[in-house]
Protein chains: 2
Amino acid sequence: MDIETRRNADPDHWKLASAIRILAMDAVEAANSGHPGMPMGMADVATVLFRKHLKFDASAPNWFDRDRFVLSAGHGSMLLYALLHLTGYKQMTIGQIKNFRQLGSITAGHPEYGHAEGIETTTGPLGQGISTAVGMAIAEEAMRAEFGADLCDHRTWVIAGDGCLMEGISHEAVGLAGNQQLGRLIVLWDNNDITIDGRVSLSDKTDQMARFAAAGWRVLECDGHDAADIDRALTEAAKEDGRPVLVSCKTIIGFGAPNKADSSKAHGSPLGADEIAATRKGYGWNHTTPFEIPEDIVQSWHEIGARGETPRKEWQSRVDVLSADSRDEFARRISNDAHPELAKTVAMVKQQTSEEQPKLATRKASENVLAALNPLMAENFGGSADLTGSNNTLTPEMGVFSPENRTGRYIHYGIREHGMAAAMNGIWLHGGFRPYGGTFLTFTDYARGAMRLSALMGLPVVYVMTHDSIGLGEDGPTHQPVEHLAICRATPNTLTLRPCDQVETAEAWEIALSENDTPSVMALSRQGLPTLRTSHSDENLSRRGAYILREASGGKPAVVLMATGSEVEIAVAARETLEAEGTPTRVVSVPSMELFRAQSREYRAEVLPGNTVRVAIEAAIRQPWEWLLLGERGNEAKSAFVGMEGFGASAPAPALYKEFGITAEAVTERVRSLL
Amino acid sequence: MDIETRRNADPDHWKLASAIRILAMDAVEAANSGHPGMPMGMADVATVLFRKHLKFDASAPNWFDRDRFVLSAGHGSMLLYALLHLTGYKQMTIGQIKNFRQLGSITAGHPEYGHAEGIETTTGPLGQGISTAVGMAIAEEAMRAEFGADLCDHRTWVIAGDGCLMEGISHEAVGLAGNQQLGRLIVLWDNNDITIDGRVSLSDKTDQMARFAAAGWRVLECDGHDAADIDRALTEAAKEDGRPVLVSCKTIIGFGAPNKADSSKAHGSPLGADEIAATRKGYGWNHTTPFEIPEDIVQSWHEIGARGETPRKEWQSRVDVLSADSRDEFARRISNDAHPELAKTVAMVKQQTSEEQPKLATRKASENVLAALNPLMAENFGGSADLTGSNNTLTPEMGVFSPENRTGRYIHYGIREHGMAAAMNGIWLHGGFRPYGGTFLTFTDYARGAMRLSALMGLPVVYVMTHDSIGLGEDGPTHQPVEHLAICRATPNTLTLRPCDQVETAEAWEIALSENDTPSVMALSRQGLPTLRTSHSDENLSRRGAYILREASGGKPAVVLMATGSEVEIAVAARETLEAEGTPTRVVSVPSMELFRAQSREYRAEVLPGNTVRVAIEAAIRQPWEWLLLGERGNEAKSAFVGMEGFGASAPAPALYKEFGITAEAVTERVRSLL
């Protein structure tokens, strides 16, 4: 069908959609950088969605019961910015659109969560949006089950491209959504048959409809440039039947650009002045000034932006008639405030921990802490990537979230570390829950893409990473993290917590669950560890990042031993030998380098004085320790690191610690050679 | 069907399969650790495969034209070890089986490549095996196209479990294999309906047959405990029709264990003495001594191990009649020897590089180097995860590998970073090619799982990682690596190379392509950079890891500026200012920290003398620089780092460098404050 016919089929729709296309073309041209093709291709679908289906109120972007809209194909950011601008989101001014991709603007190259209201999540790394949306849909189901459809009753809409559907993470998300029967999740697939390298068939011939159907999805199709057909498909999609929905929207990338449409030339670079002029002409768009939108079109779009005002007010009135208690709890939950009794409960667990108790793995200690917190904190939403019994993440009263039990607060995510991480991002972004999820620390590798987005967006998701060193033993080097603590510590805005016993584990959970803008990685041991914190001070000492766990005799250390997690036991044993030999030795426990770095220089110097021998012990690589070993100190100090230099091996844990020389004997020997 | 009926259906088969099960049960019991359920469940399928279908010769494990067998469900390692032992692989003695999961044994918890002949690849992290196998099948097609079916004519067989099929990477591998019509790839799915957390339905209800069919695979089924039915299915699977094949083998985990079969209790822990005794009884196995296999069964298995002797000798006679030249080239290729003219060609590129030439991105310089090398090195096998034009990885004469063109040496991997990395591991493991593949450095995150296996296995795969800093500009923080150089440098046995101009880029390629047991990560700029190596010495200075690029006036530096890649230009500019101010300033280029660390202490002290101010400049985080800033030096030195402290932003690159203070001015200021 030619452009002319399209234009005349529904002139009102045509004008609305053209406005999006004009803004996208012009913004990319002005920035001399960006992706015009996708917004131009999906403008019709997005127009019908916002005009007739999406529940939202541009004047109240954070209204809790809005539909969530996720642009998974984040390179098409101008589609989202144009929609936000045209429907009247206050922050998204024409000035911001004109400053697309410029320093300090809210209109970044890819949509960045936190830059502007209406951006529900950061997208750009392909596949993340659709996978995050699964978490949003999970949270919607769970909140509706808990608080009722009067307070929570909305859908999650996603626009995804071929790239999103090719990425592995999409498989995990699609499988999870299908299994959980997330009937209010609707994915609109920009089926334009183009990737950066050329036709999709260069790299993929998957029948996507059959693929989604195989995972338990309902699949629909529409002509992505026919407003009536799009409306029919979206109407059908919104009729819930317990299956998530894929709508294949057949589109043309760069729709209307005479020389670049339907080719990768329209994908990722400006069209150029001539092509833009020709495209304007084809659209029947008579306004040649860039960014100019005629008043009548602006008006029509603003009316669309106000569609949700009435339902929002009705929702507010339902909130207003709640009992004070219910309203307060609902308000607390959707504002993600920390639980008022968190600190008290953690203090209780600390008090109950005895130095006399048998050795206890910190993963088990973590379960003990969760057993105390989860009954209290209805917002805690747990899960594991098929390692429930190993990660110790399930406490009995949670119940398992499933299509049959929407009040369950624990998810069997399946063997899907990446999908789990992205879903947790979505659960937090939706609001109402604090997600945590478990796997082995080494499988950070599988979840990295989404873990980085937790950090970039500042979402306090908790990663429960057990089996955190060679201490896991026989499973061998594929399962033994060596570089992963360094990786987590290298990632900006990520708290890496490696507690040494139940007291520190409780403190670590307190820190993680009171965070509001930083994710936590909890590194926990498989093997049993002694209780080392002999005084259960009310103060959360782990919050200092590092602190004196055992003081040197006389308070004047000649040697400072630093260690984390399972290696603190080794430091304490080495200290005993050294002290017996007359060497005043201090042990510093370092549950979190990030928190220690944030302390005052004075405190750091107090804990790690100059002119001592310093030895760090951690069953991992040395890289993150250099600053503690070498930095901020007097000149005569000498230092050593006792840890791993390469990959691990398969053997019982004690044999491995001996083999790799991570023992109290090795530490004392190194100290003696340095003294 | 009960055990009794199974036993009597085919007593010869039953005895062979029972021997596998006995060894698996007994080894896990002796180790008090491991996974008996999977080997017991898949013993029948594996027995039929090795007895009737797999082309191999236990006396010549590295015979090039053998079928490849990949145990993707690596936790079932005892299945593989039992098969290798029973068929007579010399290294896999009964002593090794008895030492399962013990220090120094070749029978690690998961199969480790290099530990024993017959282990084709390291598996354990789920999904890696099936994805690596795709690379093996690609290499087989390409070698057959190049050298003919007389020399290369074999299949790739995979055993995969539910975990492998749930992982995202499997989606990428399945899509790639379907698109490439790898008709000789056959995946045997251990369809036992059990994961660690319980029934598969807890987390997944995907119709796997429909899913694989949607991706262009042929799908077959069999009763995984009926030898005749398995044989029928494998025979059918081996009839090539251009589609890869999935065979769903319906099995029972822990088959025959009266109280633990068909449950997750059989998955990951020893069965216990009583259960083992009862299982032996059910099998009709009268030998109660652990690990005892009757001589007649040993004999039958050895005959199976010798099945391939004749075909192997026939193959050898075909090799022997080749012309000397053809035979030499074939031998060179399958032994993965470096190309004899590599050094000469690199030297030529270096000579052709002029300091007068316009600025050139190192990704473009990399293309120039490949343009010189690829016509020469028929073993170079390139590709990109749908960023061909951005990664500059395709040179014209390579041709695109596809079902229609098996002599192409370039793959459009699609938007599948993880699948690409695993496929590259498989291509190298198969033999005949040196794979390299491109994506953006930040998408290291997506490929980490397979990149770690490159390092662990010691495979010299080359990762061409362009857009290696905020220098990529407008795409913003999701696309700007900040922690990824630290991640690569933290990973054992990984060479991170960040060249500063075309000369260093050529040297980096020489290093990467002459490696035989270490993968390389090539970090390349998007933005143009000047030629800085003004003397084109024949010596590959990058091999030293760090070297003096600009000497301080008088040869006595007061200041040493260290930098990599795109920031070396900044160091050189800062030096000019400082020298003009009378401060003798040296610039050290650091293309590879790993290589510098491997230098002698003397050389390192020569390059980085004590008692100077040291400033490092890199548009990334500080963590990997600490040892160079703080270590191995005199006491009076002072140091600073000019780089990134958090995530990047969306803006043109020059604006970002200014915004984040990574400029020559910032460097000179820091130096002045330290002097």
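Residues numbered from 1 in each chain as written. Chains lettered and ligands numbered in written order. Predicted model: local features only at pLDDT ≥ 70, side-chain atom pairs only at ≥ 80, totals over all residues. Heavy atoms only, no water.

- Per an unreviewed UniProt entry, the recorded name for chain A is Transketolase, and the organism is Paracoccus onubensis.
- Taken directly from UniProt, the Subunit (unreviewed entry) text for chain A runs: "Homodimer." (UniProt positions renumbered as here; feature names shortened; annotations may be inferred.)

Here we look at the overall build of chain A
Thought 1: The secondary structure content of chain A amounts to 27 helices and 20 strands.
Thought 2: Counting the 675 residues in chain A, one finds 67% classified as buried.
Thought 3: Across chain A, the fraction of contacts at a sequence separation of at least 24, relative to all contacts at a separation of at least 6, is 78%. (Helix = DSSP H or I, 4+ residues; strand = E, 2+ residues; numbered from the N terminus. Buried < 20%, exposed > 50% of the residue type's maximum accessible area, 1.4 Å probe, protein only. Contact = heavy atoms within 4.5 Å.)

Some thoughts on the UniProt feature "site: Important for catalytic activity" (unreviewed entry) in chain A
Thought 1: The positions that UniProt labels "site: Important for catalytic activity" (unreviewed entry) are, in the present scheme, H35 and H267 of chain A. Look at the named residues: they lie 233 residues apart in sequence, but the longest C-alpha span between them is just 5.5 Å, so in the fold they bunch up.
Thought 2: Ignoring anything within four residues of it in the chain, the contact list for H35 of chain A reads V28, H75, R101, H267 and G268 of chain A together with D475 of chain B.
Thought 3: Checked against the element boundaries, H267 of chain A lands in the loop between β7 (245-250) and α11 (273-283).
Thought 4: Among the residues examined, H267 of chain A registers a relative accessible area of 14% and is labelled buried.
Thought 5: Those residues in contact with H267 of chain A that lie beyond four places of it in its chain are G34, H35, P36, G37, H75, I196 and I253 of chain A.

Here's the deal with the relation of the copies chain B and chain A
Each of the two chain copies goes to the other by way of a rotation about an axis and a shift along it.
Thought 1: Once turned by 180 degrees and shifted 0.0 Å along the axis, chain B lies on chain A with an RMSD of 0.0 Å. In the structure described here, the two chain copies are related by an operation that fits a two-fold rotation axis. Every residue of chain B has its C-alpha some distance from the rotation axis, and the shortest such distance is that of G168 of chain B, at 1.9 Å.
Thought 2: In this assembly, 100% of the residues forming the interface of chain B have copies in chain A that are likewise at the interface, indicating an isologous arrangement. (Least-squares fit on C-alpha atoms with pLDDT ≥ 70 in both.)

What about the interface of chain B and chain A?
Thought 1: The partner chain A presents 96 residues to the 95 residues of chain B that form the contact.
Thought 2: Both sides of the chain B and chain A interface together cover about 7600 Å² of buried area, and 56% of this is carbon and sulfur.
Thought 3: Applying the counting criterion to the chain B and chain A interface returns 10 salt bridges.
Thought 4: For D445 of chain A, the salt bridge is made with R448 of chain B, and the minimal N-O distance between the two is 2.8 Å.
Thought 5: Linking chain B to chain A there are 55 residue pairs in polar contact (both at pLDDT 80 or more).
Thought 6: Residue contributions to the side of chain B that touches chain A peak at 8 residues, all from helix α19 (residues 444-457) of chain B.
Thought 7: Partitioned by chemical class, the residues of the side of chain B that touches chain A number 36 nonpolar, 37 polar and 22 charged. (Buried area = accessible area lost by both parts, 1.4 Å probe. Salt bridge = Lys/Arg side-chain N within 4 Å of Asp/Glu carboxyl O. Polar contact = N/O pair within 3.5 Å; in protein donor to acceptor, adjacent residues only side chain to side chain. Nonpolar A, V, L, I, M, F, W, Y, C, P; charged D, E, K, R; others polar.)

Description of unusual backbone geometry
Peptide bonds are, in most cases, trans, and in most cases residues other than glycine have a negative phi.
Thought 1: One non-glycine residue, F291 of chain A, adopts positive backbone phi at about 70 degrees.
Thought 2: Locating F291 of chain A in the fold gives a position in the loop between α11 and α12 (295-305).
Thought 3: You can call F291 of chain A buried: its relative accessible area is 10%.
Thought 4: The phi torsion at N336 of chain B lies on the positive side, around 60 degrees, for a residue other than glycine.

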